[in-house]
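# A closer look at the structure
One letter stands for each residue in the lines below.
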Amino acid sequence: AQKITQTQPGMFVQEKEAVTLDCTYDTSDQSYGLFWYKQPSSGEMIFLIYQGSYDEQNATEGRYSLNFQKARKSANLVISASQLGDSAMYFCAILNQFYFGTGTSLTVIP
Amino acid sequence: EAGVVQSPRYKIIEKKQPVAFWCNPISGHNTLYWYRQNLGQGPELLIRYENEEAVDDSQLPKDRFSAERLKGVDSTLKIQPAELGDSAVYLCASTDRAKETQYFGPGTRLLVL
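Summary of the structure given here.

### What about the packing of aromatic side chains?
Taken as a whole and assessed by the stated rule, the structure comprises 14 aromatic pairs over all chains. Ring geometry for Phe100 of chain A against Tyr35 of chain B: centres 5.7 Å apart, planes inclined by 85°, an arrangement best described as edge-to-face. Of this pair, Phe100 of chain A sits in strand β11 (residues 99–100) while Tyr35 of chain B sits in strand β4 (residues 31–37), placing the two residues on different chains. Between Phe100 of chain A and Phe104 of chain B the ring centres are 6.3 Å apart and the planes differ by 80°, which places this aromatic pair in the edge-to-face class. Of this pair, Phe100 of chain A sits in strand β11 while Phe104 of chain B sits in strand β10 (residues 103–104), which puts the two residues in different chains. For the pair formed by Phe100 of chain A and Phe104 of chain B, the shared burial category is buried. In textbook terms, an aromatic cluster arises when at least three aromatic residues are bridged by ring pairs, as seen for Phe35, Tyr37, Phe47, Tyr50, Phe98 and Phe100 of chain A together with Tyr33, Tyr35, Tyr103 and Phe104 of chain B. Over the face of the ring belonging to Tyr64 of chain A we find Arg63 of chain A, whose NZ or CZ atom lies 5.7 Å from the ring centre.

Structural data, given as structure tokens:
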């Protein structure tokens with residue numbers, strides 16, 4: 001059974017615009033952490049942002065923010081003011097259970 | 001601070017040959033992970049080490065895969081013999097015991113011909 005679902009295989013966004021990458025998850029744990037990673041073509045997984053299941057406020061990290069809706073089991077990543085360097089694969093994950101989604105490929109258009 | 005180091009970055013071998021990957025985690029990180037990432041998929045855990053002890057190797061195909069972390073620092077993942085289906089990116093990650101965030105290396109891209 002799929003534990004992390006990323007329904008958008010590919011997304012396009014105009015440079016300087018905002019984009020939302022969707023992530024829904026399934027876990028029976030009460031305490032968990034949601035992570036987003038960026039994987040450029042070079043292959044390295046780069047940590048972007050973390051949201052704890054008990055955190056009351058949505059996480060933010062520079063241009064990245066996480067729209068966390070616990071009741072819906074949703075943890076969407078919002079990238080504001082997109083840059084060309086944001087073009088990459090993006091993965092949502094629950095690391096303590098080693099669940100990764102299948103990723104969303106983001107392309108930023110000049 | 002140096003990140004997770006992996007070598008080689010790329011490896012091309014013929015099927016039935018052995019291959020080994022090396023990983024050096026971030027200094028002071030007790031926990032080390034090996035993942036396999038197939039094309040178009042997210043990473044899948046192969047094995048997790050706490051210091052030198054393998055605490056989760058349930059997903060490691062033990063008939064052909066082996067791993068070691070003898071001194072609780074760097075680690076080696078070996079495949080012998082390699083099969084065509086082993087073509088993938090092998091990622092190593094590490095984390096501090098007190099924290100959950102995993103930091104990944106650049107991976108080794110393996111192509112088995």
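Now that the structure has been shown, the text picks up again.
### With respect to the pairing of strand β3 (residues 19–24) of chain B
Residues and elements named next belong to chain B. Judged by which residues are buried, β3 turns out to be one-sided: Val19, Phe21 and Cys23 face inward and are buried, whereas Ala20, Trp22 and Asn24, on the alternate face, are not. Bridge count between strand β1 (residues 5–7) and β3: 3 bridges; the pairing is antiparallel. Across the sheet, the residue bridging to Gln6 is Cys23, located in β3. Of the pairings in the sheet, the one linking β3 to strand β8 (residues 75–79) comprises 5 bridges and is antiparallel in character. For Phe21, the partnering residue across the bridge sits in β8 and is Leu77.

### Thoughts on the state of the cysteines
Residue and element names in this part refer to chain B. This model, assessed by the stated rule, comprises 2 disulfides over all chains. The disulfide that involves Cys23 links it to Cys92, with 1.9 Å between the sulfurs. On the sign convention where negative is left-handed, the bridge of Cys23 and Cys92, at about -70° about the S-S bond, is left-handed. Placement of the pair is Cys23 in strand β3 and Cys92 in strand β9 (residues 88–95), with a sequence separation of 69 residues. The class for Cys23 is buried, based on a relative accessible area of 0%.

Procedures and definitions
Residues numbered from 1 in each chain as written. Chains lettered and ligands numbered in written order. Predicted model: local features only at pLDDT ≥ 70, side-chain atom pairs only at ≥ 80, totals over all residues. Heavy atoms only, no water. Phe/Tyr/Trp six-rings, centres within 6.5 Å; stacked < 30°, edge-to-face > 60°. Helix = DSSP H or I, 4+ residues; strand = E, 2+ residues; numbered from the N terminus. Buried < 20%, exposed > 50% of the residue type's maximum accessible area, 1.4 Å probe, protein only. Lys NZ or Arg CZ within 6 Å of the ring centre and 35° of its normal. Pairing = 2+ DSSP bridges. Disulfide = S-S within 2.5 Å.

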